[in-house]
Every structure is written in C-alpha cells, then in structure tokens.
Amino acid sequence: FDKLKGALQKTKDVLRTDVRDLFKAGVILDEPKLEEFQKGLITTDMGVSASNQIVEDLRKKYLGRTMVLDEVWGTVKERLRIILVGKGDVAWDSKNPLSPLKLAESGPTVILVCGVNGVGKTTSIAKLAKLLTKSGKKVVLAAGDTFRAAAVEQLTMWAKRLGCEIVTKPSGSDPASVAFEGCDRAVTTGADVVIIDTAGRLQTHQNLMQELGKIHRVIGKRIPGAPHESLLVLDATTGQNGLSQASKFSDAANCTGLVLAKLDGTAKGGIVVAIREQMGIPVKYVGVGEQIDDLELFSPDDFVDALFS
Ligand code: GDP
C-alpha cells in the first residue's frame, strides 16, 4: 500500500492543490465551486463521465449546504469505488497477489501478454513472473516478440535473474511457434505457468487480429482452455491518448485484464478510472516503479484510499 501511495503522490498533489482548497469546512457549496472541482478531477485524466458522476453526487447532496469535508470525500470515494468495481468482477483478495489471475484447474496456466512497444510490457512480464515464483509457482517465459531482438534479450536477462526457463527463437520467427513451444515446455517440465510475450509493433487491426488469433489457436491445441488470461499492458503516462490504441488491442486479444505500468511516473493517475469506465475490463495490476518487485495487485479500495488519504 505504501508503494501505491508513493506512486499516486503526483496525482494527489494535483487534487490537493486544485481541489482541496475549495472544500474548506464551513464553506457553502455552489455551482462555481463544483465547476472548479470538476476541472481538477479532469486534470487527473479521470475522464468526463466519471467526473460528471462525482459532481452530480455532490450537487445532489450538498448544493447550497455547508460542507463537512469528510462527508464530501466520503461521497467522492464511494462513487469512485462504484465505478472501479464495475460489474462486481474485482472481488479478489487483496492480500493474495495471485488472486486476480484465473489459474488453470490442472496443467499449466497460460498467460498471454500484449501491448504496444515501450509501454512497459517486458518489465511487467518479469514482475509478474517474480510474483508467481515468489508464490512457489514454476514459470516458463516464451519470448514471442520475435520482431524485437532487444525484447528477447531483455526477457532472457530477467529469466536468468529469476531462475525461470525461457523459450526463444531467432529474430523474425513466427510468434505463434514460440508460444506453442513455451506451452509445450511447460507441459513437459511440469511448470505451473507459462507467460507469453507478443509482438508490440503498431500494426493494422487486421494483422493484429490474425497474429493473435493464430497464437490463440495453436496454444489452445497444446493446452486446452489456453490462454487462461490475456493481459494488456498500458502506459499510465500516455493518459487518455493511449486509450484508443488500447481498445484496438483489447478487442483483438480478447483481453481479460489490464496491467497499468508506470503509474508512479504520472500526475494523471485518474486514468485508472477512465480506463475502467471506457474499456469494460478490470485493471488487475499496476506498475509502481522500475524494479522487479514494483508490481501491485490493483485494489479499488486501496487505490481510492491512497488517492484521498
Ligand atoms: P516494452 O517495450 O513495452 O517491453 O517496455 P519495457 O518493459 O522495456 O519498459 C520501457 C521502460 O519503462 C523501461 O525503461 C522500464 O524500466 C520502464 N518501466 C516499465 N514499467 C515501469 C513502471 O511501472 N514504472 C516506471 N517508473 N518505469 C517503468
């Protein structure tokens, strides 16, 4: 929780300077104050819809009334929680870092990871592998981003450090064959989880669909039910701009969850809320730094508390 709080510090600063001064105890809430408040919320990249809902709650409850600061924050936090919990799909145990993942009932769990180059995909895979190995899981990595030699090298370095096996193929090889081999290796060595990296080039929608579709088909042949998770990594610092790109990937990959990297580098941490609203898939993990342990399970309660505590 402390790491999350630290990561959200810049976002908190925005809220504190732009917003908190508006709501001093004893002040009567009027429309200009609500408008100012909404501007502050939008500055954090929370999005128009979420900030409208929050402002509407406040308007209903407090317009023309003297405000009690704690009550105001309580109202804001409640609305954010409702948005972030979505359709009740975030009911995981915040004390168990693996609980957001759907693990296979028998045989290896397959986690497919996609995202545009530079968003923090490779680092997030390494961090996830660390979480899994720390919980006693045997992990195989499959370096499926065969178009970038640097990505393969970087993943190989992480695999060495973590002591996990890695499957690689020469540059330009078919990503689906790397994915297949990763699954095969996991089955034959009795590994618990295989994490498959995928190409992060910006591609046409159709290419992307074809490539990911093929990966889905071949790994499903080797391990029925695979992939069990399909995670999309997003860069929190790209804010609202990253979202449209993200939804393209999300459709093509049939994503089951998001990893929001680089939350520590941004004053626009409200993007988590916008993502939840616009994408309809839950944020499962957040990256809060460059180190291998800097991946936190995303908990709406912790997020809201960290933002407003
Ligand atoms: P990829 O191209 O998507 O595989 O991205 P990388 O994993 O290589 O990451 C790109 C850069 O972002 C690297 O310098 C990482 O150290 C950095 N990075 C990744 N995740 C985080 C994070 O959660 N916080 C911070 N501050 N930096 C991160």
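Residues numbered from 1 in each chain as written. Predicted model: local features only at pLDDT ≥ 70, side-chain atom pairs only at ≥ 80, totals over all residues. Heavy atoms only, no water.

If you check an unreviewed UniProt entry, the protein chain appears there as Signal recognition particle receptor FtsY from Caulifigura coniformis. Word for word, the UniProt comment on the protein chain under Subunit (unreviewed entry) is "Part of the signal recognition particle protein translocation system, which is composed of SRP and FtsY." (UniProt positions renumbered as here; feature names shortened; annotations may be inferred.)

Examining the site of the ligand
Taken together, 17 residues form the shell around the ligand, and within it Gly118, Thr122, Thr123, Asp264 and Glu290 come nearest. One of the backbone nitrogen or oxygen atoms of Lys121 is found 2.7 Å away from an oxygen atom of the ligand. A distance of 3.3 Å is found between an oxygen atom of the ligand and a side-chain nitrogen or oxygen belonging to Gln154. Its free accessible area being 580 Å², the ligand has 80% of it covered by the protein chains. Per-element accounting of the shell around the ligand gives the leading share, four residues, to helix H6 (residues 121-134). Looking at side-chain class alone, the shell around the ligand contains three nonpolar, eight polar and six charged residues. (Near = heavy atom within 4 Å. Polar contact = N/O pair within 3.5 Å; in protein donor to acceptor, adjacent residues only side chain to side chain. Areas by Shrake-Rupley, 256 points an atom, 1.4 Å probe, with all protein chains shown as cover. Helix = DSSP H or I, 4+ residues; strand = E, 2+ residues; numbered from the N terminus. Nonpolar A, V, L, I, M, F, W, Y, C, P; charged D, E, K, R; others polar.)

What to know about the sheet that holds strand E7 (residues 283-287)
Taken in spatial order, the eight strands make up an open sheet running E3-E2-E4-E1-E5-E6-E7-E8, and their pairing is mixed. A strand with exactly one partner marks an edge of an open sheet, and here the two such strands are strand E3 (165-167) and strand E8 (295-297). Averaged over all pairs of adjacent strands, the angle between strand axes in this sheet comes to 25 degrees, irrespective of strand direction. Where strand E1 (residues 109-114) lies against strand E5 (residues 229-235), four bridges are found, and the strand directions are parallel. Its bridge partner lying in E5, Val113 is registered against Leu231. Contacts between H6 and the sheet are confined to E1, strand E2 (139-142), strand E4 (193-197), E5, strand E6 (257-261), E7 and E8, with E4 contributing the most and set at about 175 degrees to the helix. (Pairing = 2+ DSSP bridges. Axes fitted to C-alpha atoms, helices over the stretch in contact; angles between N-to-C directions. Contact = heavy atoms within 4.5 Å.)

Points about the pattern of salt bridges
As enumerated under the stated definition, the model contains 21 salt bridges in all. The shortest N-O distance in the salt bridge between Asp30 and Lys33 comes to 3.7 Å. Relative accessible area serves as the criterion here: at 30%, Asp30 is assigned to the partly exposed category. (Salt bridge = Lys/Arg side-chain N within 4 Å of Asp/Glu carboxyl O. Buried < 20%, exposed > 50% of the residue type's maximum accessible area, 1.4 Å probe, protein only.)

Side note on the packing of aromatic side chains
With the rule as written, the count across this model stands at two aromatic pairs. Pairing Phe298 with Phe303 gives two aromatic rings, centres 5.5 Å apart and planes at 55 degrees, and the pair type is tilted. In this pair, the class of Phe298 matches that of Phe303, namely buried. Lying across the ring of Trp158, Arg161 places its NZ or CZ 4.9 Å from the centre. (Phe/Tyr/Trp six-rings, centres within 6.5 Å; stacked < 30°, edge-to-face > 60°. Lys NZ or Arg CZ within 6 Å of the ring centre and 35° of its normal.)

Some details on empty space enclosed by the protein
Scanning all chains against the criterion turns up one cavity of 30 Å³ or more. Here the largest cavity is characterised by a volume of approximately 40 Å³. Residue lining of the largest cavity: Val113, Ser124, Ile125, Leu128, Leu231, Val233, Val259 and Leu295, and that is the complete set. Partitioned by chemical class, the residues of the lining of the largest cavity number seven nonpolar, one polar and no charged. (1 Å grid on protein atoms, 1.4 Å probe; cavity = no way out; pocket = protein on both sides within 12 Å on 5 of 7 lines; lining within 4 Å. Points joined across faces, edges and corners; volume = space filled by probe spheres on them.)

A closer look at the pairing of E5
Along E5, seven of the seven residues are buried, which leaves the element largely enclosed by surrounding structure. With burial as the criterion, each face of E5 is covered, one bearing Glu229, Leu231, Val233 and Asp235 and the other bearing Ser230, Leu232 and Leu234. Inspection of the sheet shows E5 paired to E6 by five bridges, in the parallel sense. Its bridge partner being in E6, Val233 is matched across the sheet by Val259.

Details of unusual backbone geometry
For residues that are not glycine, phi is negative in most cases, and the peptide bond is trans in most cases. Each neighbour pair has its own omega, and for Ala226 with Pro227 the value is -5 degrees, a cis peptide bond. Take Pro227: it is sitting in the loop between helix H9 (205-222) and E5. Positioned with a positive phi, Asp45 is a non-glycine residue whose angle comes to about 70 degrees. Despite not being glycine, Lys262 shows a phi value in the positive range, around 65 degrees. Within the secondary structure layout, Lys262 lies in the loop between E6 and helix H11 (271-279).

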